[in-house]
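# Close look at the chain arrangement
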Amino acid sequence: MSAPAQVKALNCPSCGAPLTIRAFEHTLSAVCGNCLSILDTKDPNLQVLQQFKAREGVQPRIPLGTRGKLRGDVYEVVGYQERTITVDDVPYFWSEYLLFNPYKGFRYLTEYQGHWNDVATLRNLPQVDTRGPRPVATLLGEKYYHFQTASATTTYVLGEFPWRVRVGDIAEVRDFVSPPRMLSQEGTEGETVWSLGEYMTGARVWEAFGLPGSPPEAVGVFASQPSPYKGSAKGVWLLCLFLLVALLAVAQAFLAFSRQEQVFRGNYSFSPRSGGEASFVTEVFELKGRPSSVEVGVNTDLANNWAYFRLALINGDTGQAYDFGREVSYYYGRDSDGAWTEGRANDRAVIPTVPAGRYYLRVEPEMDAGASPVRYELTVRRDVPYMGWFWMAAGLLLVPPAFKSLRSVGFERRRWQESDYAGSSSGSGDDE
Amino acid sequence: MSQPTANCPNCGALIQFRWSSAVQTTCGFCRSILVRRDVDLERVGVVADLPPDSSPIQIATEGVYRNRAFLVVGRILYEYEEGGWNEWHVVFNDGASGWLSDAQAEYAVSFLTAQPGLPAADQLRPRRRLVLNGVEYEVTSLTQARYRGVEGELPFAYWDKEAVLFADLRTADARFATIDYSESEPLLFVGEAVAFDELHLKNLRQFEGWS
Amino acid sequence: MIKHPFYLAYGVLVLGLVGLAEYRGWSLLSVNEVKDVPKSVRDNPGAYRSHYVFFPRVFRGK
């Protein structure tokens, strides 16, 4: 039975400041936070491997030594590093927190602009397919799309590491995403290491580690950030289809069951040149059934002319009148682009919710003083479905899924803007 | 499992074998390396001071691998340029012997597997593919290591190797294999990477500050 | 379908409203309802004048 492993307390050979070694014998190098010397912890004299300079006041957001619970296990923050990549001459850096549990080993928490990732080295090997427009890595049946390849330089270290860390170390990193997961391939010539990360919000990290205050605000969309719209877009469109089919059924039902009864037809003519009273009333006709629509039709023989009809549907018994006006015009001709027409010679107007009863029409036509006469037919149909409602309903039903898809596309565009593929269409494309 | 006993030829201490097929073991009292020759034990050397290491596993740790209970009876501590790792020798109830490797708390279980026609060491490079028993593996690393020390019961009679070349191979579904090129014939160990929780380990080492 | 309760409720509401509109015979025609039109209008249609009186006269020509 071995004695319990002990946490070690050391003093920096350079400046004398105290150091704590928390990862027992796994640690190969440790950083003196005071003088920024990297010490070889396997050397009895704690030889200084490197001393580096850094900008002032770098403080890990999660202090070294903090413990938190991830995936049901307790981990302790033992190391911290900042790594920088340069894209178009602009440096971007992210933080990596090395987490340790003596039984479960090491994990990482990475942080970039308020986005966090829970990362662990992979036991399985992903398969990379580079034949298509962009490389795709497959792991356990899931496809991860290439996001970025970059050279990452270690620019700051604190705490301890199970390898000999060095500021200035460069590694080629290739990231593949399948939100909320990200596969990273990191390596040198001889060896590549794959790791799998899962997106975490700052709030969850703060909760896991019991940190005070609030986490830093997340800026932009992160490579593996799960879309709040994904997965639901397909379902919504399917539901939209069902609703549109239902709408069609409702339309069919009304078309089938409405009366659409022609209760009056009359033929008339009007000549603006002849004087006298233009208005007249039609004979009385009956509108039956529940209060429903009444369609008044005017079919004219207008040719390059217009006529205005003042119409009133009057209930002879109750004195209730429905008064409205319709302009009918029809023009046609030829020009350099060919034949053209404007307007229509026939008009339909639907009067809403007219109760049953005996009605007649009062008609008052009007035309240009010198215009040629017009011959026209008036029709009245009872209980005619108003197609406008069905078109509006279809539009209304399409709005939420269209809105959702638009927002989803916008989200994905912002995601891929940070990638090597900014400017082209989004990677995976499917809504699932 | 019978637990044969013997006396240490050097200091007389009682040696209780946990594994009936152990070929070598170490005496816990005088730190002699003892090799079994028929009935007697022969003292062949002294165990080098094992450097402190942080494997949570120790001799007498118990666990379960794929529904088979095992006991940790011995270990080899390897050292290489980037650090070191442990190969814990485990034995199962039926007397079978296997290896539980622990490299910075990444665990894998593997078994010595007879395999003719293994490629020579110089034919292997990282990322090269190899088919073993119908399964395709990819070479992930080539490591030059040496024995840093041994402890407990092991299935062979050597305890100090200066140059051991290992080729690690992995697959998409976490299978693991390693080829040991230290002998005249390469030795193949086949198994899989496992998560700590899958082994249901008991009687583990304690760590200050961790329950 | 149950995953989108709000959209489903919205869709059912839209369908319900369409059904109601069609059943009640609603339309978007701007109609002025005039009450108590006297029966004498049948004899003298020219005397009919609705009370609100503004009906735009559109002059067209090409």
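Residues numbered from 1 in each chain as written. Chains lettered and ligands numbered in written order. Predicted model: local features only at pLDDT ≥ 70, side-chain atom pairs only at ≥ 80, totals over all residues.

## A word on the overall build of chain B
Where we set the bar: We count a stretch as a helix when DSSP gives it H or I for four or more residues in a row; a strand needs E for two or more, and each element gets its number in order from the N terminus. Within these notes, the globule rule equals 2.2 Å times the number of residues to the 0.38 power, and the radius of gyration is based on C-alpha atoms. As a rule, residues whose C-beta atom has 12 or fewer other C-beta atoms within 10 Å are exposed, those with 20 or more are buried, and those in between are partly exposed; C-beta atoms are placed from the backbone.
A count of helical and extended segments in chain B gives 0 helices and 15 strands. What you see for chain B is a C-alpha radius of gyration of 17 Å, in line with the 17 Å of a compact globule of 211 residues. Seen along its three principal axes, the alpha-carbon backbone of chain B occupies a region of about 50 × 40 × 35 Å. With 211 residues in all, chain B has 34% of them scored as buried.

## Focus on the confidence of the model for chain C
Residue and element names in this part refer to chain C. In plain terms, the rule: pLDDT measures the predictor's confidence residue by residue and takes values from 0 up to 100. Contacts are defined on C-beta atoms placed from the backbone: any two residues whose C-beta positions lie within 7 Å are in contact.
Looking at chain C as a whole, its pLDDT mean stands at 79, while 76% of the residues score no less than 70. Contacts from residues 58-62, a stretch scored under 50 in pLDDT, to residues over four places away or in other chains number 5 contacts. Scored by ipTM, the complex comes to 0.86, with pTM at 0.77.

## Looking at the sheet that holds strand β26 (residues 374-382) of chain A
Residue and element names in this part refer to chain A. As a reminder of what qualifies: One requirement defines pairing of two strands: DSSP has to find at least two bridges between them. Only the contacting stretch of a helix is used when fitting its axis, a line to C-alpha atoms as for every element, and angles between N-to-C directions run 0 to 180 degrees.
Spatial ordering of the open sheet is given by β17-β26-β20-β24, a layout of 4 strands whose pairing is antiparallel. The open sheet has two edge strands, β17 (261-270) and β24 (346-354), and neither has a second partner. Neighbour to neighbour, the strand axes of the sheet diverge by 15 degrees on average, direction disregarded.

## With respect to helix α1 (residues 202-209) of chain A
Residues and elements named next belong to chain A. This is how the line gets drawn: When we speak of the arc, we mean the arc of directions from the helix axis to the C-beta atoms.
For α1, every residue scored as buried is listed here: Val 205, Ala 208 and Phe 209. Seen end-on, α1 carries its buried residues on one side only, within an arc spanning 85 degrees. The secondary structure elements touched by the buried residues of α1 are β6 (67-70), β9 (105-112), β10 (115-121) and β16 (192-201). Positive backbone phi, at 60 degrees, marks Gly 210, one or two positions downstream of α1.

## Here we look at helix α3 (residues 387-416) of chain A
Residue and element names in this part refer to chain A. Using the following cut-off: One less than the residue count of a helix, multiplied by 1.5 Å, gives the span that helix is expected to have. Take the seven residues that end at a residue and the seven that start at it, fit an axis to each, and the angle between those axes is the bend at that residue.
Between the first and last C-alpha of α3 there are 43 Å, a value that for 30 residues agrees with the 44 Å anticipated at 1.5 Å per step. When the local axis directions of α3 are compared, the greatest deviation, roughly 30 degrees, occurs at Val 399, which is followed within four positions by the proline Pro 400. For α3, every residue scored as buried is listed here: Trp 389, Ala 393, Leu 397, Pro 401, Lys 404, Ser 408, Glu 412, Arg 415 and Trp 416.

## Points about unusual backbone geometry
Residues and elements named next belong to chain A. For the peptide bond that leads from Pro 179 to Pro 180, omega is 10 degrees, which places it in the cis range. If you trace the backbone, Pro 180 turns up in the loop between β14 (170-178) and β15 (181-187). Phi at Gln 113 takes a positive value of approximately 50 degrees, unusual for a residue other than glycine. Looking at where Gln 113 falls in the secondary structure, it is placed in the loop between β9 and β10.

## Quick notes on the sheet that holds strand β4 (residues 32-37) of chain B
All names here are of chain B. Judged by pairing direction, the sheet is antiparallel, and its 3 strands sit side by side in the order β3-β4-β5 without closing on themselves. Lying at the two open borders of the sheet, with one neighbouring strand each, are β3 (24-26) and β5 (40-46). Direction aside, the axes of adjacent strands within the sheet are offset by 30 degrees on average.

## Some details on the interface of chain C and chain A
Counting residues at the interface gives 40 residues for chain C and 49 residues for chain A. Among the elements that line the side of chain C that touches chain A, the one with the most residues is helix α1 (residues 5-24) of chain C, at 11 residues. Direction of pairing for strand β22 (residues 321-335) of chain A relative to strand β1 (residues 32-34) of chain C: antiparallel, over a ladder of 3 bridges. Residue Tyr322(A) lies in a different strand from β1(C), and its bridge partner there is Glu33(C).

## Structural notes on the pairing of β9(A)
Residues and elements named next belong to chain A. Judged by how many residues are buried, β9 sits mostly within the fold: 6 of 8 residues are covered. The hairpin formed by strand β8 (residues 90-101) and β9 contains 3 residues between the paired strands. Here β9 pairs with β10 via 5 bridges, running antiparallel. Bridge pairing links Tyr 108 to Val 119 in β10. The antiparallel pairing of β9 with β10 creates a hairpin that spans 2 residues between the two strands, and Gln 113 there sits at a positive phi of about 50 degrees.

## A word on the domain arrangement of chain B
Residues and elements named next belong to chain B. The following threshold applies: Either an automatic procedure or a domain database provided the assignment from which the domain bounds are taken. Following the grouping adopted for this structure description, the nonpolar residues are Ala, Val, Leu, Ile, Met, Phe, Trp, Tyr, Cys and Pro, the charged ones are Asp, Glu, Lys and Arg, and the polar ones are all others, Gly among them.
Taken domain by domain, chain B holds domain 1 (5-46) and domain 2 (62-199). Look at where the C-alpha atoms of domain 1 and domain 2 centre, and you get two points 25 Å apart. At the junction of the two partners, domain 1 supplies 13 residues and domain 2 supplies 14 residues. Those elements that provide at least two residues to the side of domain 1 that touches domain 2 are β3 and β4. No other element matches the 3 residues that β3 contributes to the side of domain 1 that touches domain 2. Partitioning the side of domain 1 that touches domain 2 into residue classes produces 6 nonpolar, 6 polar and 1 charged.

## Here's the deal with the interface of chain B and chain A
Every contact between the two is made by 28 residues of chain B and, on the other side, 25 residues of chain A. Broken down by element, the side of chain B that touches chain A gets its largest block of residues, 3 residues, from strand β12 (residues 135-152) of chain B.

## A look at the nonpolar core
One broad trend across soluble globular proteins is that nonpolar side chains are buried collectively. Residue and element names in this part refer to chain A. What counts, and what does not: Nonpolar core, as used here: buried Ala, Val, Leu, Ile, Met, Phe, Trp, Tyr and Cys residues forming one set through C-beta atoms within 7 Å.
The biggest cluster of nonpolar side chains holds 48 residues, and the ones touching the most others in it are Ala 307, Ala 312, Leu 313, Ile 314 and Ile 351. The element best represented in this core is strand β21 (residues 305-315), accounting for 8 residues. A domain split of this core shows at least three residues from each of domain 2 (229-258 + 388-432) and domain 3 (265-384). Excluding residues within four positions of it along the chain, Leu 313 makes contact with Val 294, Val 296, Ala 321, Tyr 322, Ile 351, Val 354, Tyr 359 and Leu 361.

## What about the packing of α3(A) against α1(C)?
Each pair of packed helices gets described by two things: the angle between the helix axes and the distance between those axes. Using the following cut-off: Reported orientations rely on four angle classes, namely roughly parallel under 35 degrees, roughly antiparallel over 145, roughly perpendicular from 65 to 115, and oblique for the rest.
Between α3(A) and α1(C), the shortest axis-to-axis distance is 10 Å and the interhelical angle comes to 175 degrees. Relative to α1(C), α3(A) is oriented roughly antiparallel. When α3(A) is examined against α1(C), the residues Trp389(A), Phe390(A), Ala393(A), Leu396(A), Leu397(A) and Pro400(A) are found in contact with a partner set consisting of Tyr7(C), Tyr10(C), Gly11(C), Val14(C), Leu15(C), Val18(C), Ala21(C) and Glu22(C). For the contact of α3(A) with α1(C), the per-class residue count stands at 12 nonpolar, 1 polar and 1 charged.

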